[in-house]
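# An overview of the molecular structure
As a plain string of letters, each chain reads:
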Amino acid sequence: MNQTIADTCHCIVRNPDKAKFLVVKHDETWAPPVLMFPHGPIDFQANQINQGMLQKYGLKTRVLRPVINLPNYHCIEMELAAVKATKKLQAVWVDQAEYLRTRTPPGDLPDPFEMWFKEQESGKAPDKRPPFHRPGWFEQADHWIHFQLDSLGIQVKGSVEQYRQGWNSSCVLRVSTSQGWVFFKAGYEDKPGEATVTEALAQRWPDQVFSPLAVDTKRNWMLNRDFRAEGDSVLDLQHLPDFARALAALQLESSKDIAGWKALGCREVGMDDFLQFCEQPEIYKHRWQEGGGGLSEKEWSDLQLALQGLAQECRTLADTDLPSALVHPDFRDDNLIFADGQYHILDWSEVIIAHPFLVLGRVLTDHRATLSGRNLNPATMPIGDELRQQVVKAYLDVFAAELGEAELEQALRAVERLDRLWMMMRILHRLDWIEVASPHYYKLIGALQTRARRLIAADAD
């Protein structure tokens, strides 16, 4: 690990039975385990964190959740995967009184250890905390994975490891098998859940949606092959318009059975919901003004005016003669795989029923971020307006028989203007079901306020 330019990560290793955490001897002082990691998001580094704990301290651990997640400092809660350390270690368990006697003042940062003890005193975790952030959950998932793979005749060749301990709505584990890597995903979002939706989509459109190896729809668990090993490990840009065309065709077909998708539990977001959001934003005023970065009263007034200006775009889109369809929430390159001549689309968590063109929002307004992520070939970047136009044209061609050219263009302009509104609506919906006051909660509050300011600035222009 590169420790020259790194973020600090304190680890709260919890006692399995008591409200205590582990401190270890560091030269002449006693302190919680600490690791250093390259600057950047830490939720993708769960396995590296566990490996770091094993290498530095000889402790076999599992990541549970973030207590604090800041740009250069992280504090995470962990549980022991094994009681004994693999190397000689001076360590003791400390309770709250012992900690308060010896703690180092945290300076400008909130004290994560004091926060942790306060929760332990309450005797229960917040109701909205995801199961995969709770002690003991990993063993349940590990048992289910082994049972399912054994039932499928797939030999396990290693231990189940944390791949991504999501700070938001999902957790990903993986295990090496006789058929390569197998990935397990646990989702935490509104019903029906990604596992249920993915299974239904794969049955209806097997050429566009990979079928899971196994699902537990009640717990929203899903077991998948390593799709990227089966397809292009690096996405070729020439395929992007074809992905857009495949997605549009899927949407058009889905509009013929909206009742079925509603019965499955998919949430419907109509243009009347958009219009209500524009006309009654005061319902969510507390969200826009929450925390240290909340909107000022002047900004709040400007936001109200900007939203009123978008009401007509809502009416324009509502007037287009297109039925509602399934809308993929994140049409971007790292959710696309070309394999066996087919255009597969991943990650259908939080799919909704809405105006189909909403799926184009990110392509229209932020296409470099949308279509230039981890899976694109660096030699073919950057993505310019020409490719963006090809993607949009390929998508709209599928709807050409449904709408005239003028109506298509009008709807497209409305979607482009409404994208920031749609993103704020998505954030506000997610805030209703994630853990209040968690690091991800405050990250979403910040994103909501940032998008509001961008909308205000765009309206001023």
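Every value quoted in this text rests on a predicted model; they were computed, and no experiment measured them.

Enumeration according to the criterion identifies 3 cavities of 30 Å³ or more in this entry. One number sums up the size of the largest cavity: a volume of about 60 Å³. If you go around the largest cavity, you meet 13 residues; those closest to its centre are His328, Pro329, Leu358, Val359 and Arg362. The greatest single-element share of the lining of the largest cavity, amounting to 4 residues, is contributed by helix 15 (residues 405-431). When its residues are assigned to classes, the lining of the largest cavity shows 7 nonpolar, 2 polar and 4 charged.

Another point: the packing of helix 9 (residues 271-279) against helix 15. It is the contact of helix 9 with helix 15, at a shortest axis distance of 11 Å, that shows an interaxial angle of 90°. Here helix 9 lies roughly perpendicular to helix 15, going by the angle between them. For the pair helix 9 and helix 15, the contacting residues are Met271, Asp273, Phe274, Phe277 and Cys278 in the first and Leu418, Leu421, Trp422, Met424, Met425 and Leu428 in the second. Tallied by class, residues from the contact of helix 9 with helix 15 come to 10 nonpolar, no polar and 1 charged.

Considering all chains together, one arrives at 27 aromatic pairs under this definition. Considering the side-chain rings of Trp144 and Trp221, the 5.5 Å spacing of their centres and the 70° angle between planes classify their relative orientation as edge-to-face. Note that Trp144 is positioned in helix 4 (residues 137-151) and Trp221 in strand 12 (residues 221-225), a separation of 77 residues in sequence. Comparing Trp144 with Trp221, the two get one shared label, buried. Ring centres 5.6 Å apart and planes at 35° place the aromatic pair Phe277 and Tyr284 in the tilted group. Look at Phe277 and you get buried, because its relative accessible area is 5%. Each member of the aromatic cluster is reached from another via a ring pair, and the members are Phe21, Tyr99, Phe113, Trp116 and Phe117. Sitting over the face of the ring of Trp181, Arg174 holds its NZ or CZ atom 3.9 Å from the ring centroid. Of note, Arg219 hangs over the ring of Trp221, and the distance from its end group to the ring centre comes to 3.8 Å.

Let's shift gears to the sheet that holds strand 13 (residues 267-268). Strands pair in a sheet through their backbones, by hydrogen bonds, and they do so in one of two ways: parallel or antiparallel. What the 3 strands build is an open sheet, ordered 13-17-14; its pairing is mixed. Looking at the sheet topology across the chains shown, the edges are occupied by strand 13 and strand 14 (325-327). By the bridge criterion, 3 bridges tie strand 14 to strand 17 (residues 352-354) in an arrangement that is antiparallel. In the strand pairing of strand 17, Leu326 is matched with Ile353.

Quick look at helix 9 now. Taken residue by residue, helix 9 has Met271, Phe274, Phe277 and Cys278 as its buried positions. Viewed end-on, helix 9 has its buried residues packed into an arc of 115°, placing them on one side of the element. Contacts made by the buried residues of helix 9 are with helix 10 (285-288), helix 11 (297-319) and helix 15.

Summarising the model, the chain shows a mean pLDDT of 89, and 93% of its residues fall at 70 or more. Per-residue pLDDT stays below 50 along residues 367-381; that stretch engages in 44 contacts with residues further than four places along the chain or on separate chains.

A few words on the pattern of salt bridges. Between side chains of opposite charge, pairing is possible as soon as their charged atoms come close. Taken as a whole and assessed by the stated rule, the structure comprises 28 salt bridges. Here Arg65 makes a salt bridge to Glu119, at a shortest N to O gap of 3.7 Å. Residue Arg65 is found in strand 5 (residues 61-69), and its partner Glu119 is found in helix 3 (residues 112-122); the two are separated by 54 residues along the sequence. For the pair formed by Arg65 and Glu119, the shared burial category is buried. Across the pair Arg453 and Glu299 runs a salt bridge, and its minimum N-O distance is 2.8 Å. With Arg453 in helix 16 (residues 439-460) and Glu299 in helix 11, the pair connects residues that are 154 residues apart, well separated along the chain. Classification of Glu299 as partly exposed rests on a relative accessible area of 22%.

Membership of the largest hydrophobic core comes to 102 residues, with the highest contact counts inside it found for Trp137, Phe184, Trp288 and Leu421. Broken down by element, the residue count for this core peaks at 13 residues, all from helix 15. Leave out the neighbours within four places in its chain, and Trp137 touches Pro131, Phe132, Cys171, Leu173, Phe184, Ala186 and Trp221. Membership of the second largest hydrophobic core comes to 17 residues, among which are Leu22, Ile49, Tyr57 and Ile76.

Further remarks concern the pairing of strand 5. Most of strand 5 sits inside the fold, with 8 of its 9 residues counted as buried. Where strand 5 meets strand 6 (residues 73-80), 7 bridges bridge the pair, whose relative direction is antiparallel. Its bridge partner lying in strand 6, Asn69 is registered against His74. Between the end of strand 5 and the start of strand 6, which pair antiparallel, lie 3 residues.

Turning our attention to the packing of helix 11 against helix 15. At a minimum axis separation of 9 Å, helix 11 and helix 15 run at an interaxial angle of 130°. By the angle between their axes, helix 11 is oblique relative to helix 15. Crossing of helix 11 over helix 15 shows left-handed handedness. Mapping the contact onto sequence places Leu307, Gly309, Leu310, Glu313, Cys314, Thr316 and Leu317 in helix 11 and Gln410, Ala411, Ala414, Val415, Arg417, Leu418, Leu421 and Met424 in helix 15.

Among the structural elements, His74 can be located in strand 6. At a separation of 2.6 Å, a polar atom in the side chain of His74 contacts the side chain of Asn69. When near neighbours in sequence (up to four residues on either side) are disregarded, His74 contacts Asp7, Thr8, Cys9, His10, Gly40, Ile42, Ile68 and Asn69.

The rules we used
Residues numbered from 1 in each chain as written. Predicted model: local features only at pLDDT ≥ 70, side-chain atom pairs only at ≥ 80, totals over all residues. Heavy atoms only, no water. 1 Å grid on protein atoms, 1.4 Å probe; cavity = no way out; pocket = protein on both sides within 12 Å on 5 of 7 lines; lining within 4 Å. Points joined across faces, edges and corners; volume = space filled by probe spheres on them. Helix = DSSP H or I, 4+ residues; strand = E, 2+ residues; numbered from the N terminus. Nonpolar A, V, L, I, M, F, W, Y, C, P; charged D, E, K, R; others polar. Axes fitted to C-alpha atoms, helices over the stretch in contact; angles between N-to-C directions. Parallel < 35°, antiparallel > 145°, perpendicular 65-115°, else oblique. Contact = heavy atoms within 4.5 Å. Phe/Tyr/Trp six-rings, centres within 6.5 Å; stacked < 30°, edge-to-face > 60°. Buried < 20%, exposed > 50% of the residue type's maximum accessible area, 1.4 Å probe, protein only. Lys NZ or Arg CZ within 6 Å of the ring centre and 35° of its normal. Pairing = 2+ DSSP bridges. Arc of directions from axis to C-beta. pLDDT = per-residue confidence, 0-100. Salt bridge = Lys/Arg side-chain N within 4 Å of Asp/Glu carboxyl O. Core = buried A, V, L, I, M, F, W, Y, C linked by side-chain atoms within 4.5 Å. Left-handed = near helix turned anticlockwise from the far one by under 90°. Polar contact = N/O pair within 3.5 Å; in protein donor to acceptor, adjacent residues only side chain to side chain.

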